[in-house]
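# Chain and residue survey
Now for the letters of each chain:
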Amino acid sequence: MKNNNHNISEDTVAAVANLARLSLSSEDIKLFQKQLAPILEYIAQLDEVDITGIQPTSHVLPSMKDVFREDIVHECLSNEEALENAPDKGDGFFKVPQVI
Amino acid sequence: MKTIDEYRLEIKTKGVKPVAADVVERIVKIDKDIHAFCSIESEYIKTRALEIQSQGVLSGVPVAVKDNICIKGVLTTCASKVLEGFKPPYNATVIEKLKKADALIVPRANMDEFAFGSSCETSCYGPTKNPHDLERIPGGSSGGSAASVASGEVPLAIGSDTGGSIRQPAAMCGVIGLKPTYGRVSRYGLIAFASSLDQIGTFSNNMLDCAELLEVIAGYDPKDSTSVNIDVPKYKDSVGKDIKGLKIGLPKEYFIDGIEKDIIARIEEAKSKLKAKGAEFIEISLPHTKYAVSCYYIIGPAEASSNLARYEGVHYGRRSSKAANIIEMYKESRNEGFGAEVKRRVLLGTYSLSSGYYDAFYLKAQKVRTKIADDFKKAFETCDCILTPTTPTTAFKIGEKVEDPLQMYLADIFTIPANLAGIPAMSVPCGKDSKKLPVGLQLMAKAFDEEMLLRVGSAI
């Protein structure tokens, strides 16, 4: 599948920034668009490769299938340890701004 | 440069505490110039020295640890503002292993933020300088680890390598840098960049020390589902082993225009040494080499964008004070905390995984990855080891490439394929260029054949 249009617009950068939960300024959006465009152009060379019938590699190790462990509880972090680095906490919970 | 054995002798004579105090003093002095450490954790080091029982294999020997490997209770921030103040509540498995070996752990070796980089310039703490020329980069992302060993601050260091982040700084600083086979060393406690590419590895000034450190950190870990249950050989036995009759492959795609003349010259000299010891060279081809950088810069950022989604100001790290609601909290915390290169890669990764682009980018890159891995499998049918340059240039000046991200990415051209294929690779120092900057050559071997790297590397 030849996809010649690898140009990324400022609107796309803004949309992607939203997905990535980054609050970019309009100057940043312009700058990243300028910097990402040549990178995406370079990456487009993968279109040259014949990948018919090729399996994707998600793991390099052939042994990497269904790695399980016994369902036994081992040592865990205590509630205090888990909350040690919390920016805001209370009553044994992480505290955040209103979600609902 | 003091070896592990020389440290052992010194510790036997003087004791662990005085040697630890000397180490701290030396680091404080040298780091004024090279800034290999985000911060010098003198209290931690001295307390650690008191705990050492002198039973372990590395008893009292200093080992610097990259700032992305979790040490319980010690600032571990991946050189990023987004993790400011973070003190992990647990030790990485490699840290547990180093503690069991009674090593003197020296935390917070400087790095590119979240390991995204090849120059150590994107650290929120400022760059590390190359000990051979303070105006130049040490390489990255494990620049601090490499510089700490090259400068003699410590004899050993551990870092991480996702696309070359151990081997490239090792080459630029003139030390040995080893990236083991994927799955050889546990990633539990390594703050993840790209989970299918990351590996923890070693820095040292000589091959025996490299083997010793590898023996300590390698091994199966049930806490890492990508850890492989293969016995850890006595790696020390491979150092200095005869190389007569070994076939060393020279891939034509790695000896191209654009490599500095002095690098080629030093490699030719190294080849002569190996030939004199009985190794044979054959030309091989790794035909998909030229697609490796593109492949990596889709897979790496894609996996990174997923791994970095957790930094949103909820559980740890920086939480923005500007947030009016939860979504704004995520966005502002991340925007304030991440540096430009991190943002670039997160954007790139998010884009290539997003609906409508997944097949064109990520899936395609995974298929090209299969072809790159197959190139190596085929090559190892005819040779025991592969030899290439580690980098196309020696250390460049600080600030020289920051404006051009693509130029920076192309510097990784020779190191990236080994990560994509999951095979072990090592950079070995082989002299200097006309500017007296270190040159490194790279050896690659079959999966789990680190012994071959140690064997051939020690003959150079």
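Nothing here was measured: the structure is a model prediction, and the numbers come from that model.

## Topic: the overall build of chain B
- Along the backbone of chain B there are 15 helices and ten strands.
- Here chain B has a C-alpha radius of gyration of 21 Å; the compact-globule value for 460 residues is 23 Å, and the two agree.
- Overall, the C-alpha framework of chain B stretches about 70 × 65 × 45 Å when taken along its three principal axes.
- With 460 residues in all, chain B has 65% of them scored as buried.
- Considering only contacts in chain B between residues 6 or more positions apart, those separated by 24 or more positions represent 75%.
- In the form shown here, chain B has an accessible surface area of approximately 15,300 Å², with 50% of it arising from carbon and sulfur atoms.
- Separation of charge centres in chain B, based on 60 positive and 57 negative side chains, amounts to 1 Å.

## Things to note about the packing of helix 4 (residues 93-100) of chain B against helix 7 (residues 207-217) of chain B
Residues and elements named next belong to chain B.
- Axis separation between helix 4 and helix 7 bottoms out at 8 Å; the angle between their running directions is 115°. Here helix 4 is positioned roughly perpendicular relative to helix 7, judged by the angle of their axes. Where helix 4 abuts helix 7, its residues Val94, Lys97 and Leu98 lie against Leu213, Val216 and Ile217.
- Its residues assigned to classes, the contact of helix 4 with helix 7 shows five nonpolar, no polar and one charged.

## Observations concerning the sheet that holds strand 10 (residues 438-444) of chain B
Residue and element names in this part refer to chain B.
- One open sheet accounts for ten strands, arranged 2-1-3-5-4-9-10-8-6-7; its pairing is mixed. With partners counted over all chains shown, the strands left at the sheet margins are strand 2 (104-109) and strand 7 (280-284), one partner each. When the angles between neighbouring strand axes are averaged without regard to direction, this sheet yields 30°.
- Strand direction decides the pairing type here: strand 6 (residues 247-251) and strand 7, joined by five bridges, are parallel. Following the sheet pairing, Lys247 is matched in strand 7 by Glu280.
- Docked against the sheet, helix 4 engages strand 1 (62-66), strand 2, strand 3 (156-161) and strand 5 (199-204), running at close to 150° with respect to strand 2.
- This element, helix 7, spans strand 3, strand 4 (176-179), strand 5 and strand 9 (425-432) of the sheet and lies at about 150° to strand 5.

## As for the nonpolar core
- Grouped together as the largest cluster of nonpolar side chains are 159 residues, with contacts concentrated most on Leu58(B), Leu98(B), Phe114(B), Ile158(B) and Phe376(B).
- When neighbours within four sequence positions are excluded, Leu98(B) is seen to be in contact with Arg48(B), Leu58(B), Val63(B), Ala103(B), Ile105(B), Ile158(B), Leu213(B), Val216(B) and Ile217(B).
- Counting six residues, the second largest nonpolar core, distinct from the first, contains Val60(A), Leu61(A), Val228(B) and Phe448(B).

## Considerations on the state of the cysteines
Residues and elements named next belong to chain B.
- One pass over the structure, following the stated rule, counts zero disulfides over all chains.
- Looking at Cys70, it has no disulfide partner, and the nearest cysteine sulfur is the one in Cys78, 7.6 Å off.
- A disulfide-free cysteine, Cys383 has its sulfur positioned 7.5 Å from the sulfur of Cys385, the nearest such atom.

## Let's talk about helix 12 (residues 359-379) of chain B
- The terminal C-alpha atoms of helix 12 of chain B, which comprises 21 residues, lie 29 Å apart, in line with the 30 Å expected from a rise of 1.5 Å per residue.
- Counting buried residues in helix 12 of chain B gives 16 out of 21 residues, a clear majority hidden from the surface.

## Comments concerning the interface of chain B and chain A
- Chain B puts 64 residues into the contact, and the matching count from chain A is 54 residues.
- Together chain B and chain A conceal approximately 5,200 Å² of surface at their shared face, both sides included; 69% is due to carbon and sulfur atoms.
- Looking at the side of chain B facing chain A, the largest losses of area belong to Leu347(B), Tyr351(B) and Lys364(B), adding up to 12% of the total buried there.
- Summed over the shared surface of chain B and chain A, the result is three salt bridges.
- With a closest N to O distance of 4.0 Å, Lys72(B) and Glu81(A) form a salt bridge.
- Joining chain B to chain A, the criterion identifies 16 residue pairs in polar contact (both at pLDDT 80 or more).
- Of all the secondary structure elements, the ones that give two or more residues to the side of chain B that touches chain A are helix 9 (292-307), helix 10 (326-337), helix 11 (340-353), helix 12, helix 13 (405-410) and helix 14 (416-421) of chain B.
- Among the elements that make up the side of chain B that touches chain A, the one with the highest residue count is helix 12 of chain B (eleven residues).
- Taken together, the residues that form the side of chain B that touches chain A break down as 33 nonpolar, 17 polar and 14 charged.

## Observations regarding a nonpolar patch on the surface
- Judged by side-chain polarity, Val96(A), Val99(A) and Ile100(A) come together as a nonpolar surface patch covering roughly 340 Å² of accessible area.
- For Val96(A), the position within the fold is in the segment after strand 2 (93-94).

## Focus: the side chain of Asn335(B)
- Structurally, Asn335(B) is set in helix 10.
- Asn335(B) has contacts with Leu22(A), Ser23(A), Leu24(A) and Lys343(B), leaving out every residue within four places of it along the chain.

## What about the pairing of strand 9 of chain B?
Residues and elements named next belong to chain B.
- In this sheet, strand 9 lies alongside strand 4 in antiparallel orientation, the contact comprising three bridges. Within the sheet, the bridge partner assigned to Gly177 lies in strand 9 and is Ser427.
- Bridge analysis of strand 9 against strand 10 gives six bridges, and the strand direction is antiparallel. Each bridged residue has a counterpart across the sheet, and for Ser427 the counterpart in strand 10 is Gln442.
- Counting the residues that bridge the hairpin from strand 9 to strand 10 gives five residues, and of these Lys436 lies at a positive phi of roughly 65°.

## Here's the deal with the environment of Lys29(B)
- Within the secondary structure, Lys29(B) is located in helix 2 (residues 16-34).
- Spatially, the C-alpha atoms of Lys29(B) and Val61(B) are 19 Å apart, while their sequence positions differ by 32 residues.

## Digging into the packing of helix 2 (residues 26-43) of chain A against helix 11 of chain B
- The interhelical angle for the contact between helix 2 of chain A and helix 11 of chain B, taken along N-to-C directions, is 60°, at an axis separation of 11 Å. Considering the relative orientation of helix 2 of chain A and helix 11 of chain B, their crossing is right-handed. Across the interface between the two elements, Asp28(A), Phe32(A), Gln35(A), Leu36(A), Ile39(A) and Leu40(A) from helix 2 of chain A touch Ala340(B), Lys343(B), Arg344(B), Leu347(B), Leu348(B) and Tyr351(B) from helix 11 of chain B.
- Residue classes in the contact of helix 2 of chain A with helix 11 of chain B are distributed as eight nonpolar, one polar and three charged.

## What to know about the pattern of salt bridges
Residues and elements named next belong to chain B.
- Tallying each qualifying case throughout the model produces 26 salt bridges over all chains.
- Where Arg8 meets Asp5, a salt bridge forms, and the shortest distance between an N and an O atom there is 2.9 Å. One end of the pair, Arg8, and the other, Asp5, are both in helix 1 (residues 4-14), three residues apart, so they sit about a helical turn from each other.
- Given the relative accessible area of 45%, Asp5 is considered partly exposed.
- The closest approach of N and O atoms between Glu336 and Arg318, which form a salt bridge, is 3.1 Å. Of the two residues, Glu336 is situated in helix 10 and Arg318 in the loop between helix 9 and helix 10; the sequence distance between them amounts to 18 residues.
- You can call Glu336 partly exposed: its relative accessible area is 21%.
- Residues joined in a network through salt bridges with shared partners are Asp5, Arg8, Glu212, Glu215 and Lys236.

About the criteria used
Residues numbered from 1 in each chain as written. Chains lettered and ligands numbered in written order. Predicted model: local features only at pLDDT ≥ 70, side-chain atom pairs only at ≥ 80, totals over all residues. Heavy atoms only, no water. Helix = DSSP H or I, 4+ residues; strand = E, 2+ residues; numbered from the N terminus. Rg over C-alpha atoms; globule rule 2.2 N^0.38 Å. Buried < 20%, exposed > 50% of the residue type's maximum accessible area, 1.4 Å probe, protein only. Contact = heavy atoms within 4.5 Å. Areas by Shrake-Rupley, 256 points an atom, 1.4 Å probe, with all protein chains shown as cover. Lys, Arg positive; Asp, Glu negative; His and termini not counted. Charge placed at Lys NZ, Arg CZ, Asp CG, Glu CD. Axes fitted to C-alpha atoms, helices over the stretch in contact; angles between N-to-C directions. Parallel < 35°, antiparallel > 145°, perpendicular 65-115°, else oblique. Nonpolar A, V, L, I, M, F, W, Y, C, P; charged D, E, K, R; others polar. Pairing = 2+ DSSP bridges. Core = buried A, V, L, I, M, F, W, Y, C linked by side-chain atoms within 4.5 Å. Disulfide = S-S within 2.5 Å. Expected span 1.5 Å × (residues − 1). Buried area = accessible area lost by both parts, 1.4 Å probe. Salt bridge = Lys/Arg side-chain N within 4 Å of Asp/Glu carboxyl O. Polar contact = N/O pair within 3.5 Å; in protein donor to acceptor, adjacent residues only side chain to side chain. Patch = residues over 30% accessible without salt bridge, like charges linked within 9 Å, V, L, I, M, F, W, Y side chains within 5 Å. Left-handed = near helix turned anticlockwise from the far one by under 90°.

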